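# Understanding the architecture of this molecule
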Amino acid sequence: MLASRVAARSARVAAPRISIAATRGYAEPAKGAQNTKPPVPLFGLDGTYASALYTAAAKQGSLDTVSRALDNLAQTFKRDARLQNILLAPALADNDKKQIISELQKSTNVSDKSQTLQHFLETLAENNRLSLLDGVCEKFGMLMSAARGEVEMVITSASPLDQKVVRQLEGVVSKSQYVGQGKKLKVVPKVNPDIRGGLIVEIGDRTIDLSVSAKMARMNKLLQDTL
(Lines give C-alpha, C1' and ligand atoms only; values in the text may rest on other atoms or scores of the structure.)
Protein backbone atom coordinates (compact mmCIF):
# COMPACT_ATOMS: atom_id res chain seq x y z
CA MET A 1 0.00 0.00 0.00
CA LEU A 2 1.12 3.55 -0.71
CA ALA A 3 0.91 4.58 2.95
CA SER A 4 3.35 1.84 3.92
CA ARG A 5 5.88 3.00 1.31
CA VAL A 6 5.46 6.63 2.31
CA ALA A 7 5.80 5.80 6.00
CA ALA A 8 8.90 3.75 5.38
CA ARG A 9 10.55 6.58 3.49
CA SER A 10 9.25 9.34 5.80
CA ALA A 11 9.58 8.02 9.33
CA ARG A 12 10.97 11.26 10.76
CA VAL A 13 8.52 14.09 11.48
CA ALA A 14 10.10 17.48 12.06
CA ALA A 15 8.87 20.26 14.36
CA PRO A 16 6.36 22.72 12.82
CA ARG A 17 8.02 25.35 10.65
CA ILE A 18 7.06 28.37 8.59
CA SER A 19 6.12 27.78 4.95
CA ILE A 20 9.05 27.96 2.54
CA ALA A 21 6.98 29.76 -0.09
CA ALA A 22 3.37 30.74 -0.56
CA THR A 23 3.24 30.26 -4.29
CA ARG A 24 5.18 28.62 -7.11
CA GLY A 25 5.19 29.21 -10.84
CA TYR A 26 4.08 25.86 -12.21
CA ALA A 27 5.73 26.18 -15.61
CA GLU A 28 5.95 28.46 -18.58
CA PRO A 29 2.47 28.95 -20.11
CA ALA A 30 1.80 27.01 -23.28
CA LYS A 31 1.52 29.20 -26.33
CA GLY A 32 -2.02 29.94 -27.44
CA ALA A 33 -3.55 28.58 -24.22
CA GLN A 34 -7.18 29.65 -23.80
CA ASN A 35 -10.10 29.16 -21.42
CA THR A 36 -7.85 28.93 -18.37
CA LYS A 37 -10.44 30.29 -15.95
CA PRO A 38 -12.11 27.66 -13.74
CA PRO A 39 -15.69 27.08 -14.99
CA VAL A 40 -17.30 27.42 -11.56
CA PRO A 41 -16.27 29.10 -8.29
CA LEU A 42 -15.13 26.83 -5.47
CA PHE A 43 -14.87 27.53 -1.77
CA GLY A 44 -12.55 26.41 0.99
CA LEU A 45 -8.78 26.14 0.94
CA ASP A 46 -8.87 22.91 -1.06
CA GLY A 47 -11.12 24.66 -3.58
CA THR A 48 -8.62 27.52 -3.89
CA TYR A 49 -5.77 25.11 -4.59
CA ALA A 50 -7.90 23.09 -7.01
CA SER A 51 -8.79 26.26 -8.94
CA ALA A 52 -5.12 27.29 -9.10
CA LEU A 53 -4.18 23.85 -10.40
CA TYR A 54 -6.96 23.99 -13.01
CA THR A 55 -5.66 27.32 -14.32
CA ALA A 56 -2.08 26.07 -14.41
CA ALA A 57 -3.05 22.84 -16.20
CA ALA A 58 -5.24 24.73 -18.68
CA LYS A 59 -2.35 27.02 -19.55
CA GLN A 60 -0.17 23.98 -20.20
CA GLY A 61 -2.84 22.10 -22.14
CA SER A 62 -2.57 19.25 -19.64
CA LEU A 63 -6.05 19.28 -18.08
CA ASP A 64 -6.91 15.74 -19.15
CA THR A 65 -3.55 14.40 -17.96
CA VAL A 66 -3.82 16.08 -14.56
CA SER A 67 -7.45 15.00 -14.26
CA ARG A 68 -6.55 11.33 -14.82
CA ALA A 69 -3.72 11.61 -12.31
CA LEU A 70 -5.96 13.10 -9.63
CA ASP A 71 -8.68 10.51 -10.32
CA ASN A 72 -6.11 7.79 -9.65
CA LEU A 73 -4.91 9.58 -6.52
CA ALA A 74 -8.50 9.82 -5.28
CA GLN A 75 -8.86 6.05 -5.66
CA THR A 76 -5.61 5.60 -3.75
CA PHE A 77 -7.00 7.62 -0.84
CA LYS A 78 -10.10 5.41 -0.81
CA ARG A 79 -8.05 2.20 -0.80
CA ASP A 80 -5.45 3.33 1.72
CA ALA A 81 -6.97 5.04 4.77
CA ARG A 82 -3.58 5.46 6.45
CA LEU A 83 -2.28 7.74 3.70
CA GLN A 84 -4.29 10.75 4.89
CA ASN A 85 -2.98 10.28 8.44
CA ILE A 86 0.59 10.47 7.15
CA LEU A 87 -0.15 13.63 5.17
CA LEU A 88 -1.73 15.20 8.26
CA ALA A 89 1.67 15.37 9.97
CA PRO A 90 2.14 19.04 10.98
CA ALA A 91 5.48 19.34 9.19
CA LEU A 92 7.93 17.07 7.44
CA ALA A 93 11.63 17.41 6.73
CA ASP A 94 12.40 18.67 3.22
CA ASN A 95 13.85 15.32 2.18
CA ASP A 96 10.78 13.49 3.48
CA LYS A 97 8.53 15.79 1.44
CA LYS A 98 10.48 14.99 -1.72
CA GLN A 99 10.10 11.26 -1.05
CA ILE A 100 6.37 11.59 -0.42
CA ILE A 101 5.90 13.56 -3.64
CA SER A 102 7.83 10.89 -5.54
CA GLU A 103 5.58 8.12 -4.16
CA LEU A 104 2.42 10.12 -4.87
CA GLN A 105 3.48 10.68 -8.46
CA LYS A 106 4.16 6.97 -8.94
CA SER A 107 0.68 6.15 -7.68
CA THR A 108 -0.95 8.31 -10.40
CA ASN A 109 0.25 5.97 -13.18
CA VAL A 110 0.27 9.00 -15.46
CA SER A 111 3.16 10.64 -17.31
CA ASP A 112 2.81 14.42 -17.02
CA LYS A 113 5.37 15.90 -19.42
CA SER A 114 4.38 19.44 -18.42
CA GLN A 115 5.30 18.63 -14.78
CA THR A 116 2.26 20.64 -13.71
CA LEU A 117 1.24 18.11 -11.09
CA GLN A 118 4.78 17.72 -9.75
CA HIS A 119 5.14 21.47 -9.22
CA PHE A 120 1.69 21.59 -7.63
CA LEU A 121 2.58 18.82 -5.17
CA GLU A 122 5.80 20.65 -4.36
CA THR A 123 3.79 23.79 -3.60
CA LEU A 124 1.49 21.86 -1.26
CA ALA A 125 4.50 20.35 0.48
CA GLU A 126 6.30 23.67 0.87
CA ASN A 127 3.17 25.20 2.41
CA ASN A 128 2.57 22.15 4.65
CA ARG A 129 -0.75 21.57 2.85
CA LEU A 130 -0.35 18.00 1.61
CA SER A 131 -3.25 17.07 3.88
CA LEU A 132 -5.53 19.01 1.48
CA LEU A 133 -4.69 16.71 -1.42
CA ASP A 134 -7.69 14.40 -1.01
CA GLY A 135 -10.05 17.39 -1.02
CA VAL A 136 -8.22 18.93 -3.98
CA CYS A 137 -8.79 15.72 -5.96
CA GLU A 138 -12.52 15.94 -5.30
CA LYS A 139 -12.78 19.67 -6.04
CA PHE A 140 -10.73 19.34 -9.24
CA GLY A 141 -13.14 16.63 -10.37
CA MET A 142 -16.00 19.10 -9.86
CA LEU A 143 -14.23 21.63 -12.08
CA MET A 144 -13.66 19.07 -14.81
CA SER A 145 -17.29 17.97 -14.67
CA ALA A 146 -18.45 21.56 -15.08
CA ALA A 147 -16.03 22.11 -17.96
CA ARG A 148 -17.39 19.01 -19.71
CA GLY A 149 -21.00 20.09 -19.26
CA GLU A 150 -21.73 17.39 -16.70
CA VAL A 151 -24.25 17.66 -13.89
CA GLU A 152 -22.98 15.84 -10.83
CA MET A 153 -25.32 13.75 -8.73
CA VAL A 154 -23.87 12.52 -5.43
CA ILE A 155 -25.65 9.50 -3.96
CA THR A 156 -24.72 8.81 -0.34
CA SER A 157 -25.73 5.52 1.25
CA ALA A 158 -24.87 3.70 4.47
CA SER A 159 -23.38 0.82 2.49
CA PRO A 160 -22.40 0.37 -1.17
CA LEU A 161 -25.44 0.42 -3.46
CA ASP A 162 -26.22 -2.27 -5.97
CA GLN A 163 -25.35 -1.03 -9.47
CA LYS A 164 -28.91 -1.78 -10.60
CA VAL A 165 -30.23 0.73 -8.07
CA VAL A 166 -27.66 3.31 -9.16
CA ARG A 167 -28.64 2.89 -12.82
CA GLN A 168 -32.33 3.26 -11.95
CA LEU A 169 -31.68 6.51 -10.10
CA GLU A 170 -29.50 7.74 -12.96
CA GLY A 171 -32.24 6.97 -15.49
CA VAL A 172 -34.92 8.84 -13.53
CA VAL A 173 -32.83 11.92 -12.71
CA SER A 174 -31.32 12.23 -16.21
CA LYS A 175 -34.83 12.85 -17.56
CA SER A 176 -35.75 15.38 -14.88
CA GLN A 177 -35.56 19.18 -14.77
CA TYR A 178 -32.31 19.01 -12.82
CA VAL A 179 -30.35 17.97 -15.91
CA GLY A 180 -30.54 20.65 -18.58
CA GLN A 181 -30.62 20.03 -22.30
CA GLY A 182 -27.25 19.01 -23.68
CA LYS A 183 -25.97 18.17 -20.20
CA LYS A 184 -24.68 14.79 -19.10
CA LEU A 185 -25.40 13.33 -15.67
CA LYS A 186 -22.37 12.16 -13.69
CA VAL A 187 -23.16 9.84 -10.80
CA VAL A 188 -20.82 9.86 -7.79
CA PRO A 189 -21.66 7.14 -5.23
CA LYS A 190 -20.45 7.70 -1.66
CA VAL A 191 -20.68 5.60 1.47
CA ASN A 192 -21.31 7.09 4.92
CA PRO A 193 -22.35 4.61 7.64
CA ASP A 194 -23.45 7.51 9.87
CA ILE A 195 -26.67 7.99 7.89
CA ARG A 196 -27.66 4.46 9.10
CA GLY A 197 -29.80 3.73 6.06
CA GLY A 198 -31.73 5.28 3.20
CA LEU A 199 -30.17 7.75 0.77
CA ILE A 200 -29.00 11.32 0.44
CA VAL A 201 -29.13 12.60 -3.14
CA GLU A 202 -27.35 15.86 -4.01
CA ILE A 203 -27.78 17.54 -7.41
CA GLY A 204 -26.25 20.97 -7.79
CA ASP A 205 -27.46 23.06 -4.86
CA ARG A 206 -30.41 20.77 -4.11
CA THR A 207 -30.29 18.02 -1.49
CA ILE A 208 -32.90 15.30 -1.04
CA ASP A 209 -32.33 13.70 2.36
CA LEU A 210 -34.07 10.33 2.66
CA SER A 211 -31.65 8.95 5.23
CA VAL A 212 -32.69 7.10 8.36
CA SER A 213 -30.64 9.50 10.49
CA ALA A 214 -32.57 12.48 9.09
CA LYS A 215 -35.90 10.76 9.73
CA MET A 216 -34.84 10.02 13.31
CA ALA A 217 -33.78 13.64 13.80
CA ARG A 218 -37.16 14.88 12.54
CA MET A 219 -38.96 12.41 14.79
CA ASN A 220 -36.94 13.46 17.84
CA LYS A 221 -37.68 17.12 17.14
CA LEU A 222 -41.38 16.37 16.75
CA LEU A 223 -41.42 14.55 20.09
CA GLN A 224 -39.55 17.38 21.81
CA ASP A 225 -41.92 20.00 20.41
CA THR A 226 -44.96 17.92 21.39
CA LEU A 227 -43.80 17.02 24.88
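Residues numbered from 1 in each chain as written. Predicted model: local features only at pLDDT ≥ 70, side-chain atom pairs only at ≥ 80, totals over all residues. Heavy atoms only, no water.

If you check an unreviewed UniProt entry, the protein chain appears there as ATP synthase subunit 5, mitochondrial from Friedmanniomyces simplex. Word for word, the UniProt comment on the protein chain under Subcellular location (unreviewed entry) is "Membrane". As stated in UniProt under Sequence similarities (unreviewed entry), the record for the protein chain gives "Belongs to the ATPase delta chain family." (UniProt positions renumbered as here; feature names shortened; annotations may be inferred.)

### As for the confidence of the model for the protein chain
Taken as a whole, the protein chain shows an average pLDDT of 84; of its residues, 85% reach a score of 70 or greater. Highest mean pLDDT in the protein chain belongs to helix α2 (residues 44-60) (96); lowest belongs to helix α1 (residues 2-9) (61). A low-confidence stretch, residues 11-29 stays under pLDDT 50, and its non-local contacts, those more than four residues away or across chains, total 41 contacts. (pLDDT = per-residue confidence, 0-100. Helix = DSSP H or I, 4+ residues; strand = E, 2+ residues; numbered from the N terminus. Contact = heavy atoms within 4.5 Å.)

### Considering the sheet that holds strand β3 (residues 199-203)
Read from one edge of the open sheet, 4 strands run β2-β1-β3-β4, paired in mixed fashion. Lying at the two open borders of the sheet, with one neighbouring strand each, are β2 (184-191) and β4 (206-209). Put simply, the sheet's adjacent strands are angled 15° from each other on average, direction ignored. Where β3 and β4 come together, 4 bridges link them in antiparallel fashion. (Pairing = 2+ DSSP bridges. Axes fitted to C-alpha atoms, helices over the stretch in contact; angles between N-to-C directions.)

### Structural notes on the nonpolar core
With 33 residues, the main nonpolar core has Leu70, Leu104, Leu133 and Phe140 as its most contacted residues. Those elements giving two or more residues to this core turn out to be α2, α3 (63-79), α4 (82-87), α5 (94-108), α6 (116-126) and α7 (133-147). If you tally residues by element for this core, the top one is α3, at 7 residues. Other than its neighbours up to four places away in sequence, phenylalanine 140 contacts Ala50, Leu53, Tyr54, Leu63, Val66, Ser67 and Leu70. If you look at the next biggest cluster of nonpolar residues, it comprises 9 residues, including Val151, Val173, Leu199 and Val201. (Core = buried A, V, L, I, M, F, W, Y, C linked by side-chain atoms within 4.5 Å. Buried < 20%, exposed > 50% of the residue type's maximum accessible area, 1.4 Å probe, protein only.)

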